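Architecture and fold: a report
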Amino acid sequence: MPLFRSKAEDKVREAGYDPARLPPGQYLTEKWPVLHAGDVPEIDAATWTLRVSGEVAHEITLSLDELKALPATEVTTDIHCVTRWSRFDARFKGVHWRELAKLCEPKPSARFVIAHAEQGFTANAPLAAIEDEDALVVYEADGEPLAPEHGWPARLFVPSKYFWKSAKWLNELELAATDRPGYWERYGYNNDADFWKEERYSF
Ligand SMILES: Nc1nc2c(c(=O)[nH]1)N[C@H]1C(S)=C(S)[C@@H](COP(=O)(O)O)O[C@H]1N2
Ligand SMILES: [Mo]
């Protein structure tokens, strides 16, 4: 084990976790930091919708009540931010992609997802990344409705990627045949964003 990792790993061990859960260059935080570009948007839950569009047989638009009426999934999972903090055992509740896929029926050409959020924010990922067992459209975290600063009323969670791919204030999942860089990806963040490979930046 390289020497520079030992301090961060010692802290993980002291907190009672297996240090193998900590990706390279990360440290454990007990808090849940807030990070985003711009201001926390004001959203009216009564008029908020989630659209699924693009390479699908049927485009769908769901209200928050309709989203919450779909079968729910709960996951306990680790979050890894490119700014080096990791948070273990975050609890998320929401709707798995498979439930939305049943309604919209992705076309075989659908290979990527572009998540759209308030204020024009976007994040891109391979469709496979939201087919992951722990990926969700999240509306509850740690047993509470998602806080405004963490993406209320709903955010994406993409477990296999650095946390910037997990768009807060989500309003559309666009399925695409070809990939398109999102907001942070255009700023030089790595398109693939695999935290085990430390794919932080593209330069
Ligand atoms: N809509 C939107 N979602 C976003 C971002 C953003 O700027 N806007 N930033 C991303 C980044 S860089 C991170 S690290 C996480 C932070 O989520 P948190 O504030 O809930 O910890 O949200 C991601 N989702
Ligand atoms: Mo971030």
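As shown above, the structure is provided for reference.
Here's a quick rundown of the structure. (Residues numbered from 1 in each chain as written. Chains lettered and ligands numbered in written order. Predicted model: local features only at pLDDT ≥ 70, side-chain atom pairs only at ≥ 80, totals over all residues. Heavy atoms only, no water.)

1. Concerning the site of ligand 1
Taken together, 19 residues are adjacent to ligand 1, and Pro-33, Ala-37, His-150, Arg-155 and Lys-168 come closest. Contact between ligand 1 and Leu-35: an oxygen atom at 2.9 Å from a main-chain N or O atom of the residue. The contact in question runs from an oxygen atom of ligand 1 to an N or O atom on the backbone of Ala-37, over 2.8 Å. Contact with the protein chains covers 98% of the free accessible surface of ligand 1, which is 530 Å². Among the residues making up the shell around ligand 1, the classes are represented as 14 nonpolar, three polar and two charged. (Near = heavy atom within 4 Å. Polar contact = N/O pair within 3.5 Å; in protein donor to acceptor, adjacent residues only side chain to side chain. Areas by Shrake-Rupley, 256 points an atom, 1.4 Å probe, with all protein chains shown as cover. Nonpolar A, V, L, I, M, F, W, Y, C, P; charged D, E, K, R; others polar.)

2. Details of the pairing of strand 5 (residues 85-95)
Among the eleven residues in strand 5, eight count as buried, and that is most of the element. As paired elements, strand 1 (residues 27-28) and strand 5 share two bridges and run parallel to each other. The residue of strand 5 that forms the bridge with Tyr-27 is Trp-85. Summarising the sheet, strand 4 (residues 73-80) and strand 5 pair through seven bridges and their orientation is antiparallel. Bridging from a neighbouring strand, Thr-76 pairs with Arg-91 of strand 5. Between strand 4 and the antiparallel strand that follows it, strand 5, lie four residues; Arg-84 among them carries a positive phi value of about 90°. Judged from the four bridges that link them, strand 5 and strand 8 (residues 136-141) form a sheet pairing that is antiparallel. Bridge pairing links Lys-93 to Glu-140 in strand 8. (Buried < 20%, exposed > 50% of the residue type's maximum accessible area, 1.4 Å probe, protein only. Helix = DSSP H or I, 4+ residues; strand = E, 2+ residues; numbered from the N terminus. Pairing = 2+ DSSP bridges.)

3. Things to note about the sheet that holds strand 7 (residues 122-126)
Strand order in the open sheet formed by five strands is 3-2-11-6-7, and the pairing between neighbours is mixed. Sheet topology places strand 3 (60-63) and strand 7 at the edges, where each strand pairs with a single neighbour. In this sheet, neighbouring strand axes are inclined to one another by 15° on average, regardless of whether the strands run parallel or antiparallel. Looking at chain direction, strand 2 (residues 49-54) and strand 11 (residues 170-176) are connected through four bridges and run parallel. (Axes fitted to C-alpha atoms, helices over the stretch in contact; angles between N-to-C directions.)

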